[in-house]
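# Architecture and fold: a report
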Amino acid sequence: HGRGRKGSGFAAAGQDHVARVDIDLENAYRGGTRTIELRSPEMTADGHVTVKPRALRVSIPAGVTDGQQIRLAGQGSPGIGGGPAGDLYLEVTIRPHRLFKVEGRDVSLTLPVAPWEAALGETVAVPTLGGAVDMKLPAGARAGQTLRLRGRGLPGRPPGDQLVLLKVELPPDSPRARQLFEQMKREV
């Protein structure tokens, strides 16, 4: 038939590559699309290797965690002789956030509360990644106590939690505040 057997020529899969992508905590929570710039080696017609920049739109899944790798099949180096292209692995780094600390899927937050809110077990508004929620403090809550909001961390199966560290802050100094503290001192 004059045609060689299929696969008789040399073929090799392309190389896998790893690239880093920095995202905000909000992107990790909601997911979304990012455009990243890559520098890919390419073979020219005369056999030389040149590096070409290319832009790639990637989908960041909701609930991605710090250090997680996202596999993009076929986005690595092209194969040789008809071999399959390699894969690209995006390693996610979540940038530090001004309010939240991240550990796996859990997030933590330090929440300032007034002494009477802690003592009386008031309901306080707590910032979360999905928006503020009301949380009832236990009566007699102490500074440094940690409360848990289940399922309020990064999404996943199961979703992470939000840990709320209570920081009791004194009200602004005023003659009235001093008078109330003097009264408490006498009565306790």
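Please refer to the structure placed before this passage.
Residues numbered from 1 in each chain as written. Predicted model: local features only at pLDDT ≥ 70, side-chain atom pairs only at ≥ 80, totals over all residues. Heavy atoms only, no water.

We now examine a nonpolar patch on the surface. Taken together, the side chains of Leu170, Phe181 and Met184 make up a nonpolar region of the molecular surface, amounting to roughly 330 Å² of accessible area. Along the chain, the position of Phe181 falls in helix α3 (residues 175-187). We classify Phe181 as partly exposed; its relative accessible area is 37%. (Patch = residues over 30% accessible without salt bridge, like charges linked within 9 Å, V, L, I, M, F, W, Y side chains within 5 Å. Areas by Shrake-Rupley, 256 points an atom, 1.4 Å probe, with all protein chains shown as cover. Salt bridge = Lys/Arg side-chain N within 4 Å of Asp/Glu carboxyl O. Helix = DSSP H or I, 4+ residues; strand = E, 2+ residues; numbered from the N terminus. Buried < 20%, exposed > 50% of the residue type's maximum accessible area, 1.4 Å probe, protein only.)

A word on the sheet that holds strand β10 (residues 146-149). Pairing within the open sheet is mixed, and its 4 strands lie in the order β6-β7-β11-β10. Because the sheet does not close on itself, it has two edges, and the strands there are β6 (100-103) and β10. On average, each strand axis in the sheet is tilted by 30° relative to the strand beside it, whichever way the strands run. By the bridge criterion, 4 bridges tie β10 to strand β11 (residues 162-168) in an arrangement that is antiparallel. Each residue of the ladder has a partner; that of Leu149, found in β11, is Gln162. (Pairing = 2+ DSSP bridges. Axes fitted to C-alpha atoms, helices over the stretch in contact; angles between N-to-C directions.)

Residues Ile70 and Leu72 of strand β4 (residues 69-72) are buried on one face, while the alternating residues Gln69 and Arg71, pointing to the opposite face, are not. Bridge analysis of β4 against strand β5 (residues 88-94) gives 4 bridges, and the strand direction is antiparallel. What sits directly across from Gln69, in β5, is Glu91.

Attention now moves to unusual backbone geometry. Here the bond from Arg157 into Pro158 is cis, since omega is 0°, no more than 30 degrees from zero. Take Pro158: it is sitting in the loop between β10 and β11.

Turning our attention to the pattern of salt bridges. A full pass over the atoms with the stated rule returns 6 salt bridges. The salt bridge involving Asp161 is made with Arg148; its shortest N-O contact spans 2.9 Å. Taken together, the residues span a long stretch of sequence, with Asp161 in the loop between β10 and β11 and Arg148 in strand β10 at a distance of 13 residues. Arg150 is the partner of Asp161 in a salt bridge, and the nearest nitrogen-oxygen pair spans 3.4 Å. A residue pair is termed long-range when its members are at least 10 positions apart, and Asp161 in the loop between β10 and β11 and Arg150 in the loop between β10 and β11 qualify at 11 residues. Through salt bridges with shared partners, a single network forms among Arg148, Arg150 and Asp161.

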